[in-house]
Amino acid sequence: MRHLTIPIDDEAIGDLKVGDPVALSGVMITARDAAHKWMVETFVKKTRPPQGDDLAVYEALKPLLNGSAIYHCGPVVAGLDTKQYRFVAAGPTTSIREEPYQGEVMRHFNVKAVIGKGGMGAKTLAACQDVPGVYLHAIGGAASLIAQTVVKVIGVYKLDFGVPEAMWVIEVKDFPAVVTMNAHGVSLHAEIEAKSKAVLERLLST
Amino acid sequence: MRDLTEALVELIRRTSTDLPADVEESLVGAREREEAGSAAQSALSSILENVALSRRNSTPICQDTGTPIFYVHHPEGWSTRRLREQIRAAVAQATARSYLRPNAVDALTDKNSGNNLGDDAFPTVHFEEVEGDALVIDLMLKGGGCENVGAQYSLPNGELGAGRDLKGVRKAVLDAAHKAQGQGCAPGILGVAVGGDRGSSYYASKEVLLRKMDDANPDPKLAEMEQQLVDEANQLGIGPMGFGGQTTVLGVKMTGMHRLPASFFVSVSYMCWAHRHRRMIVRGDDVTYE
């Protein structure tokens, strides 16, 4: 088990190999479909003018994301009425939906780790090499277990996206994950896809 | 008619937080088959630890509590309109109590309703009048990650070399299992419907998932095919979470339907390992849960 502290330095990123179990500690942010689309359209490609609190949130996010981790997660949150937020269930969501956006977000904000499930594709793998960064695979569905590693909900941005899609700023201690895409262009997902494809072709030929 | 709202909240709590024993047992079996110290075995250990923790603390097994799908079998005399109202009230209450995540998003405005109540299909409620005196309500929570990797094939399919027979069905199901990779939270359970139209076929492919994990299909041909598909899907080596390993699927459940002469659909509903479903039985004043 390798312990990683956020912000994560380049040396620690460079040392990570595919298959390494890691325990992550520090402040990270949840972001999924709505947040990625919003970040890319408003601040990276600038195809959509900033509205409402967009610019203020952008300024707040920049230092938080710099050297940090994005977690693909739409949590179950208690305390919504009192704003004494607490994560009740917080496993990863499927990451591949962010493939069109992820690389640009990593480069723009200097995001060092993307955490989710199911893996990502070639664009994100290339960004992992450039930034450098890694993709960390959390255990899909292990929501109560992972929620216990969220020691504090520091705040929330874009709650108008809805609870699952909002950007929750959380402090985690020993958040468990496995490196499945590293900064040297190795992807466990590409490897498993290729191997299973060969088996499928053999099975389909009979 | 009595008010079942509280009893329905309890059904939702149990479904979201307490994985059925047969599903848990098959996960235990899968862990035993994986290589000691592998990422696959470690994933299954975390999964089982999470199952126990969720049951103990009454917290959702998975944060994606999915589309709540209710299958209501009621004797004559029950008002389906009032049952629907009570189901909706229970869903909103269970959301406020954090047993469910607010999941109903208006597809045109992107607005999340905040209480899991959307249009008439959210939550989904199916009604069927039956003989006897017991009201039986099954609830399935179907998460989005696994729903997204479901697939429907129209046979013949030239690319797969799949014709309009069970051999062709086999190829379609294996292709679906491969395409899903680990995305649907493997090891999953595949619900397969052969026939129907596009709508009825997908419907049946979900309903068949209510069967017990270790039961045998009453149709011997399908029973044999279910076992064959489990074996072959597991040869793909995708494994738990797509980490590679022995168990890609925990089970395959199949059903046959009637079809139009022109159509031959194979529908595959992928259920994640967190196969959350529970049953509530109302008989007179008694409410029991399975």
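Q: Quick one: what's the story with the overall build of chain A, residue by residue and with numbers?
A: Along its length, chain A carries 7 helices and 9 strands. Here chain A has a C-alpha radius of gyration of 17 Å; the compact-globule value for 206 residues is 17 Å, and the two agree. Oriented by its inertia axes, the alpha-carbon framework of chain A measures out at about 60 × 40 × 40 Å. Classification of the 206 residues of chain A by burial places 52% in the buried group.

Q: Please give an account of the environment of Phe243(B) that cites residues and values.
A: Checked against the element boundaries, Phe243(B) lands in the loop between α8 (220–235) and β6 (249–256). Given 26 C-beta atoms within 10 Å, Phe243(B) falls into the buried group. Sequence-wise, Phe243(B) and Gln41(B) are 202 residues apart; in three dimensions their C-alpha atoms are separated by 9.6 Å. In this structure, Phe243(B) is in contact with Leu188(A), Ala39(B), Ala40(B) and Ala43(B), ignoring residues within four places of it in sequence.

Q: Describe the sheet that holds strand β9 (residues 286–289) of chain B, with residues and values.
A: Through backbone hydrogen bonds, the strands of a sheet pair up, either in parallel or in antiparallel fashion. All names here are of chain B. Sheet architecture is open: 5 strands sit in the order β2-β1-β3-β8-β9, paired in mixed fashion. Bordering the open sheet on either side are β2 (124–129) and β9, each of which pairs with just one other strand. Between one strand and the next, the sheet's axes are offset by a mean angle of 15°, whatever the strand orientation. In the sheet, strand β3 (residues 135–142) pairs with strand β8 (residues 276–283) via 7 bridges, with the strands oriented antiparallel. Looking across to β8, one finds that Leu141 is bridged to Arg276.

Q: Would you mind going over the interface of chain B and chain A in detail, with residue names and values included?
A: Residue-level contacts link 44 residues of chain B with 38 residues of chain A. Elements represented by at least two residues in the side of chain B that touches chain A include exactly α3 (39–57), α5 (144–148), α6 (166–180) and α8 of chain B. Ranked by the residues each element gives to the side of chain B that touches chain A, the list is headed by α3(B), at 9 residues. Here the side of chain B that touches chain A is built from residues that sort into 19 nonpolar, 19 polar and 6 charged.

Q: Please set out the confidence of the model for chain B residue by residue, giving values where relevant.
A: Confidence along chain B averages 97 in pLDDT terms, with 100% of residues attaining 70 or more. Across the assembled chains, the prediction reports ipTM 0.95 with pTM 0.96.

Q: Describe in detail the nonpolar core, supporting the description with residues and values.
A: Side chains of a nonpolar character, in soluble globular proteins, are inclined to be buried together. Val134(A), Leu136(A), Ile12(B) and Val173(B) are the most contacted members of the largest nonpolar core, which has 147 residues in total. The leading source of residues in this core is strand β9 (residues 167–181) of chain A, at 9 residues. Composition of this core by domain shows at least three residues from each of domain 1 (5–14 + 61–143 + 276–289) and domain 2 (145–271) of chain B. The contact partners of Ile12(B), leaving out residues within four places of it in the chain, are Ala90(B), Val91(B), Ala94(B), Tyr99(B), Leu100(B) and Leu139(B).

Q: An account of the packing of α6(B) against α8(B) is requested, with residue identities and associated values reported.
A: Residue and element names in this part refer to chain B. Look at α6 against α8: their axes get within 10 Å of each other, and the N-to-C directions meet at 35°. The handedness of the crossing between α6 and α8 is right-handed. Seen from α6, the contacting residues are Leu166, Arg170, Val173, Leu174 and Ala177; seen from α8, they are Met225, Leu229, Glu232 and Ala233. Of the residues belonging to the contact of α6 with α8, the class tally is 7 nonpolar, no polar and 2 charged.

Q: Describe the packing of helix α7 (residues 188–204) of chain A against α6(B), and please don't skip the residues or the numbers.
A: Remark: α7(A) packs on α6(B), axes separated minimally by 10 Å, with the N-to-C direction vectors making an angle of 180°. By the angle between their directions, the pair α7(A) and α6(B) is classed as roughly antiparallel. Facing Ser196(A), Lys197(A), Leu200(A), Leu203(A) and Leu204(A) of α7(A), the residues of α6(B) in contact are Lys171(B), Leu174(B), Asp175(B) and His178(B). Looking at the contact of α7(A) with α6(B) residue by residue, the class counts come to 4 nonpolar, 2 polar and 3 charged.

Q: Summarise the sheet that holds strand β7 (residues 265–271) of chain B; cite the residues concerned and give the values.
A: Residue and element names in this part refer to chain B. Within the open sheet, the 4 strands sit side by side as β4-β7-β5-β6. Their pairing is mixed. The open sheet terminates on both sides in strands that have one partner only, identified here as β4 (151–154) and β6. If you compare each strand with its neighbour and ignore which way they point, the axes differ by 15° on average. In this structure, β4 lies alongside β7, joined through 4 bridges in antiparallel fashion. Bridge pairing links Tyr153 to Val266 in β7.

Q: Give a detailed account of helix α4 (residues 80–96) of chain B, specifying residues and quantitative values.
A: For the α-helix, the turn length of 3.6 residues means that residues three or four positions removed from each other point alike. Residue and element names in this part refer to chain B. Counted at 1.5 Å a residue, the expected span for α4 with its 17 residues is 24 Å, and the 24 Å between its end C-alpha atoms agrees. Buried within α4 are the following residues: Leu83, Ile87, Arg88, Ala90, Val91, Ala92, Ala94 and Thr95. Buried positions along α4 lie against α1 (5–17), β1 (67–74) and β2. Ser98 lies just past α4 and shows a positive phi near 65°.

Q: Now, about the domain arrangement of chain B: what can you tell me, with residues and values included?
A: Residues and elements named next belong to chain B. On domain assignment, one finds that chain B holds domain 1 (5–14 + 61–143 + 276–289) and domain 2 (145–271). Taking only C-alpha atoms, the centre of domain 1 and the centre of domain 2 are 26 Å apart. The interface of domain 1 with domain 2 comprises 7 residues on the first partner and 6 residues on the second. For the side of domain 1 that touches domain 2, the element with the most residues is β3, which contributes 3 residues. Counted by class, the side of domain 1 that touches domain 2 contains 2 nonpolar, 2 polar and 3 charged residues.

Q: So what about the pairing of strand β6 (residues 113–116) of chain A? Which residues, and what values?
A: Residues and elements named next belong to chain A. A two-sided burial pattern is seen for β6, the buried positions comprising Ala113 and Ile115 on one face and Val114 and Gly116 on the other. For strand β3 (residues 69–71) and β6, the ladder comprises 3 bridges, and the chain directions are parallel. Residue pairing in the sheet places Ala69 in a bridge with Ala113 of β6. Here β6 pairs with strand β7 (residues 134–137) via 4 bridges, running parallel. Note on β7: the bridge partner recorded for Gly116 is His137. Since β6 and β7 lie parallel, the crossover through helix α5 (residues 122–130) that links them has a hand, and here it is right-handed.

Q: An account of unusual backbone geometry is needed here, citing residue identities and associated values.
A: With an omega dihedral of -10°, the bond running from Val131(A) to Pro132(A) counts as a cis peptide bond. If you trace the backbone, Pro132(A) turns up in the loop between α5 and β7. Phi is positive for Asn110(A), close to 55°, though the residue is something other than glycine. Relative to the assigned elements, Asn110(A) resides in the loop between α4 (99–109) and β6. A positive phi angle is found at Gln181(B), which is not glycine, with a value near 45°. The topology assignment puts Gln181(B) in the loop between α6 and β5 (188–194). Given 23 C-beta atoms within a 10 Å radius, Gln181(B) is considered buried.

Cut-offs used in this document
Residues numbered from 1 in each chain as written. Chains lettered and ligands numbered in written order. Predicted model: local features only at pLDDT ≥ 70, side-chain atom pairs only at ≥ 80, totals over all residues. Helix = DSSP H or I, 4+ residues; strand = E, 2+ residues; numbered from the N terminus. Rg over C-alpha atoms; globule rule 2.2 N^0.38 Å. Buried ≥ 20, exposed ≤ 12 C-beta atoms within 10 Å, placed from the backbone. Contact = placed C-beta atoms within 7 Å. Pairing = 2+ DSSP bridges. Axes fitted to C-alpha atoms, helices over the stretch in contact; angles between N-to-C directions. Nonpolar A, V, L, I, M, F, W, Y, C, P; charged D, E, K, R; others polar. pLDDT = per-residue confidence, 0-100. Core = buried A, V, L, I, M, F, W, Y, C linked by C-beta atoms within 7 Å. Domains from an automatic or database assignment. Left-handed = near helix turned anticlockwise from the far one by under 90°. Parallel < 35°, antiparallel > 145°, perpendicular 65-115°, else oblique. Expected span 1.5 Å × (residues − 1). Right-handed = clockwise from strand over helix to strand, strands pointing away.

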